[in-house]
Every structure is written in structure tokens, then in C-alpha cells.
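Residue-level listing of the chains:
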Amino acid sequence: MLGWIVALIAVAVATSSAVRTYQARREAYGASARAELNERQAKAAEARTLALTEEIRQLARRRIPAAATALSHRTAPVPGLREAAGIDGEAARLLSEAVQAARTAVLEERGRVDAAARSAMRGTSAKIQSLLNQSQHLLHELQHEYDDPRILQLDFRNELALRRTQATAVLCDAWPGLARQNSSLVEIVLGAQSRVPGYERIKVANHLRQERLALVARAAEPLAIALAELLANATAYSHPDTEVPVTVQQTAGRGALILVDDAGIGMDDDALERARTLLSGPSEVLLTELGDPPQTGFAVVGRLIARYGFSCHIESSPYGGMRTMLRIPAHLLTVMDDDRTLSVLAPKPVHARGTGAAEPAVPSGPVGPAPAEPVAPASAEPDEPAEPAGPAPAAEAEAPPAELPTRRRRARRTDSPESSTTRPQTVEEPTLRTPEQAGAAWAALQEGTLSGRKAPGPPAQAPPAASPSDDLGDDET
């Protein structure tokens, strides 16, 4: 009996010992597993911390600067997260918000800086423009007192400086600084031509059906500024030996269209897209986006388009360079009164000249009643009657072409006294003169007046005028 008891006790002790051993082994295995898990978790946390540190470093060194650069250069790439798998969703969202917050802060700061720069330039431009206007009046007075052709060159350079200052003021949302009356459209084109270096290369063709078509007063000077910028761009980017054709015509929508062509170097796709963006009249153009040195031509035209309702399109030109089309809506057009005299330098409409060839018809409706002008038949010969009525018409011959070939009466055949009293004589058209010829004639008139007032003697020869192709200090737009 005692043996069974001892055996049971031994079994119980062995069982208890085995259980304790199993539990000890199990606890040891659990502790090892927990230690291994903790180690793996520590390594994962260290990797996440390292990845987050690298992302923060990239955020400060690359992503935020690249995002700021992309505000000015839209094609500049902005890098994303380097270790997207090692960053949890909340951290990635916070990093993206940091980039967006930096972009917003940069935009706001650029806006404040640009507004301050515009304000400063607007005030400075107004003062410079006032001084240049005073210089222009003084130079005009000197032209009446002295016959030195260099005064004309000074006046032209003053006009160039005035145009650049005026364009800067317009870019800074200032008033153009000059008020006009209702002005002839062709005279506005000539005025814009006189503000551009290389103006002698610009050839204006008048295809208007109404010779006295004009712009309303509030749009006259803005159009002259915009067209001067386009002409300056065309002359600056084309060879000095090439011409810049300018065509003025009416459109089917009772408006007007001015075409400016050049045989220049053209534009690549990126430059053309940017030019079209600026010419569309965006709500805001930052001065810092215009380059160094700033190219303000298209930006100035875009500001005037947005403010006065013009429209402008640019495309490739058949002359090899670029063509800009400045469209004027009908509500900005009017017709000048008959008592207003047009400039003698304004080219006559092509359809009113007998050129010997049929001119292409412009499919557009008139803005107002067109003035009736007698047009000689293109097929009239010197010995054939140029009019259906009259016993003895005058002979005609073609004069040397100035702008376009024209027919002018040069001689008359012997007429009877009756025919000379019944048929009015034909008044010759005034010969068109270039700005250089007009300036030379004016200088000769002043020289003759002064020499007549002085004692007899050989007239003093004026020093030669500077060539129009000299460097006039005007850069491209």
C-alpha cells in the first residue's frame, strides 16, 4: 500500500515538473518571439523615420524650389515622394499640403512685390512721359527757328523714348497719357509707323472702301500704341533689307483689320504659344515673367486688348516670318466729317486709283456712306477718251510708281475754245512724299527763308542728317 502511495507521489512530482518545464520553455519561447517582434518593429520604425527624414530633406531642397520655379516656367518638373511605400497616408498628405502652402505663399508674395513694382514704375513713367512731352514741344519750336536737320533726328529719338515710356506705363495699368479726337484710321497707322526705328521699311497699303474711316477718340491712341509695338517687333526681328508690308482693310463684320507681315526668323511652337497667351489679354501679367531684359511688346498689346476691346492673332506669314492681325470692332469705328482734312502722307485707297489691273474685292460691309470718287477706267489709253462725254479728252500716261502705280494727266491736246469752256480741267493728284522728302522740303524752306533775311552770300550747308538705319537705342519687343 505504501509503495502505491510513493509511486503516486513520484508520478505527481514528475508530472508537475514536466508541466513547469513546459511552461518555462513556453514562456522562454514567447519572450524570444516578443523580443524578435520588438526588434522588427524598431527596425521598421527606424526605416520609416529615415524615409520621412529623406522626404523632408527633399521637400526643403528640391520640391518647394521646383514648385516655385514651375510658377514661372510651366514645363518645369516638380518631383514627388521618393519613398511612397515607406510613408503612411497621413505623412504623405501633410507633405503635399506643405508643397501647396509654399506655392500659395510664393504667389502671394510675388503678387505683393509685383504690385509695388508696378506702382513705382507707374509713377516714374508718368514723370518721364511729362518731361519727354515738354522736350517734344521744345524741339518743335526749334525746328521753326533753326534749319539744322539734326533737330529732326533728336525729335525722332525723343519720340522713341516717349513710346517706350508710354508702353511701360500701359503695362503698369496706367492711362496712355494722350487724348485724341476722332482720328483717321490710316493716319493712326502712319503715326504708329513714325514711332518705330526702320520706319522707312514699312510700306502701308490702304484697302479701305471708305477713305475717311476713323477711330473714336477713346481708342485712337491705344490703337497707335498697340500697332507701334507690333511694327517694332516686325522690324526688329527681320533683316534690315526687307520690307514690312502693312495692309489696312475693312472686314465683313463692319469692322477693320490691320495686317502686319515680316520676313523675319519666325517663332518656335513654345514662343508662339506664349505670344498668343499674352495677346489674348490675360487678367494679370507679372513683370517678373517677361524675361531679362523684359520683352514687353506682346504684353502691352494684350493689356490694351483687354481694356479697349481689340483682338489680335499671330500666325506664320507667307513672307517667311510672322503675321499679326489686329482687328478693330465696329463699335470703335466712325466716319470723319468732310471738313476735316486728311494728311497728305496718307496713302489713297487702292480701289480709288486706276492701276491698270483689277483690285481684289474686300468682302466687307461699309460702316457708313462711302464718298463718291471719280475713277478713271484702267484700260484708257493716251489717245482714247477717258470719259464718255466731252469732245476732246486729255492724254494720259503712267507716272513712276511711288507707293502703287497711278495714272496721271501730263499733257493736253489742242482743244477748241468751246470744249475748254464746257469741260472742267482735271486737277492733278498730289505726288505722295516720304517722311524724308517732307523733312528735306521743310528744311529747304527754312533755309531759303533764313538766307533771304540775311546778307547776300553763299548759303551755309547743313551737316548731313543721320541715317535712319543708325542705332536708335530701341530693342526688340
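This text gives an overview of the structure that appears in the document. (Residues numbered from 1 in each chain as written. Predicted model: local features only at pLDDT ≥ 70, side-chain atom pairs only at ≥ 80, totals over all residues. Heavy atoms only, no water.)

A word on helix α1 (residues 2–70)
In this model, α1 (69 residues) spans 97 Å end to end at C-alpha, consistent with the 102 Å of a helix rising 1.5 Å per residue. Buried positions along α1 lie against α2 (89–145). (Helix = DSSP H or I, 4+ residues; strand = E, 2+ residues; numbered from the N terminus. Expected span 1.5 Å × (residues − 1). Contact = heavy atoms within 4.5 Å.)

Remarks on the nonpolar core
Counting residues in hydrophobic clusters, the biggest one holds 57 residues, and the most contacted among them are Leu185, Leu223, Ile258, Phe310 and Ile328. Ranked by the residues each element gives to this core, the list is headed by helix α5 (residues 217–236), at 12 residues. With sequence-adjacent residues up to four places away left out, Leu185 is seen in contact with Leu208, Leu213, Ala214, Leu215, Leu223, Val248, Ala256, Ile258 and Ile328. (Core = buried A, V, L, I, M, F, W, Y, C linked by side-chain atoms within 4.5 Å. Buried < 20%, exposed > 50% of the residue type's maximum accessible area, 1.4 Å probe, protein only.)

Topic: the packing of helix α6 (residues 269–279) against helix α7 (residues 297–308)
At their nearest, the axes of α6 and α7 sit 7 Å apart, and the two run at 30 degrees to each other. Seen from α6, the contacting residues are Ala275, Leu278 and Leu279; seen from α7, they are Phe298, Ala299, Val301, Gly302 and Ile305. Of the residues in the contact of α6 with α7, the class split is seven nonpolar, one polar and no charged. (Axes fitted to C-alpha atoms, helices over the stretch in contact; angles between N-to-C directions. Nonpolar A, V, L, I, M, F, W, Y, C, P; charged D, E, K, R; others polar.)

Details of the sheet that holds strand β6 (residues 311–316)
Working definition: the strands of a sheet are paired by backbone hydrogen bonds and lie parallel or antiparallel to each other. The strand order across the open sheet formed by five strands is β2-β4-β5-β7-β6, and the pairing between neighbours is mixed. In the strand order of this sheet, the two ends are held by β2 (202–207) and β6, each with one partner. Neighbour-to-neighbour, the strand axes of the sheet open up by a mean angle of 15 degrees, direction not taken into account. Sheet strands in contact with helix α4 (residues 185–193) are β2, β4 (244–250), β5 (256–261) and β7 (322–328), and its direction is about 175 degrees off that of β2. (Pairing = 2+ DSSP bridges.)

Regarding the sheet that holds strand β1 (residues 183–184)
Strand order in the open sheet formed by three strands is β1-β3-β8, with antiparallel pairing between adjacent strands. Only two strands of the sheet have a single neighbouring strand rather than two, namely β1 and β8 (333–335). Here β1 pairs with strand β3 (residues 213–215) via two bridges, running antiparallel. Residue Ser183 lies in a different strand from β3, and its bridge partner there is Leu215.

A few points about the pairing of β7
Looking down a regular strand, the side chains alternate between one sheet face and the other. Burial of β7 is extensive: six of the seven residues sit out of reach of the surface. Bridge count for β5 against β7 is six bridges, and the pairing is antiparallel. The residue of β7 that forms the bridge with Leu259 is Met325. Of the strand pairs in this sheet, β6 and β7 are connected by six bridges, and their pairing is antiparallel. Among the inter-strand pairings, Ser316 is bridged to a residue of β7, identified as Met322.

Side note on a negative patch on the surface
Together, Asp268, Asp269, Asp270 and Glu273 give the surface a local cluster of negative charge. Along the chain, the position of Asp270 falls in helix α6. Its relative accessible area of 60% is what places Asp270 among the exposed residues. (Patch = residues over 30% accessible without salt bridge, like charges linked within 9 Å, V, L, I, M, F, W, Y side chains within 5 Å. Areas by Shrake-Rupley, 256 points an atom, 1.4 Å probe, with all protein chains shown as cover. Salt bridge = Lys/Arg side-chain N within 4 Å of Asp/Glu carboxyl O. Lys, Arg positive; Asp, Glu negative; His and termini not counted. Charge placed at Lys NZ, Arg CZ, Asp CG, Glu CD.)

A look at the side chain of Ser317
Turning to its location among the elements, Ser317 is positioned in the loop between β6 and β7. Every residue in contact with Ser317, bar those within four places of it in the chain, is listed here: Asp261, Asp262, Met322 and Arg323.

Describing the packing of aromatic side chains
Following the criterion strictly, the structure yields one aromatic pair and no others. An angle of 70 degrees between the planes, with centres 5.2 Å apart, marks the rings of Phe156 and Tyr199 as edge-to-face. Residue Phe156 is located in helix α3 (residues 150–171), and its partner Tyr199 is located in the loop between α4 and β2; the two are separated by 43 residues in the primary sequence. We note that Phe156, like Tyr199, is buried. (Phe/Tyr/Trp six-rings, centres within 6.5 Å; stacked < 30°, edge-to-face > 60°.)

Points about the packing of α2 against α3
Here α2 crosses α3 at 160 degrees, and the two axes come no closer than 9 Å. Taken together, α2 and α3 sit at an angle that is classed as roughly antiparallel. α3 is crossed by α2, and the crossing has left-handed handedness. Across the contact of α2 with α3, the residue classes break down as 12 nonpolar, 11 polar and three charged. (Parallel < 35°, antiparallel > 145°, perpendicular 65-115°, else oblique. Left-handed = near helix turned anticlockwise from the far one by under 90°.)

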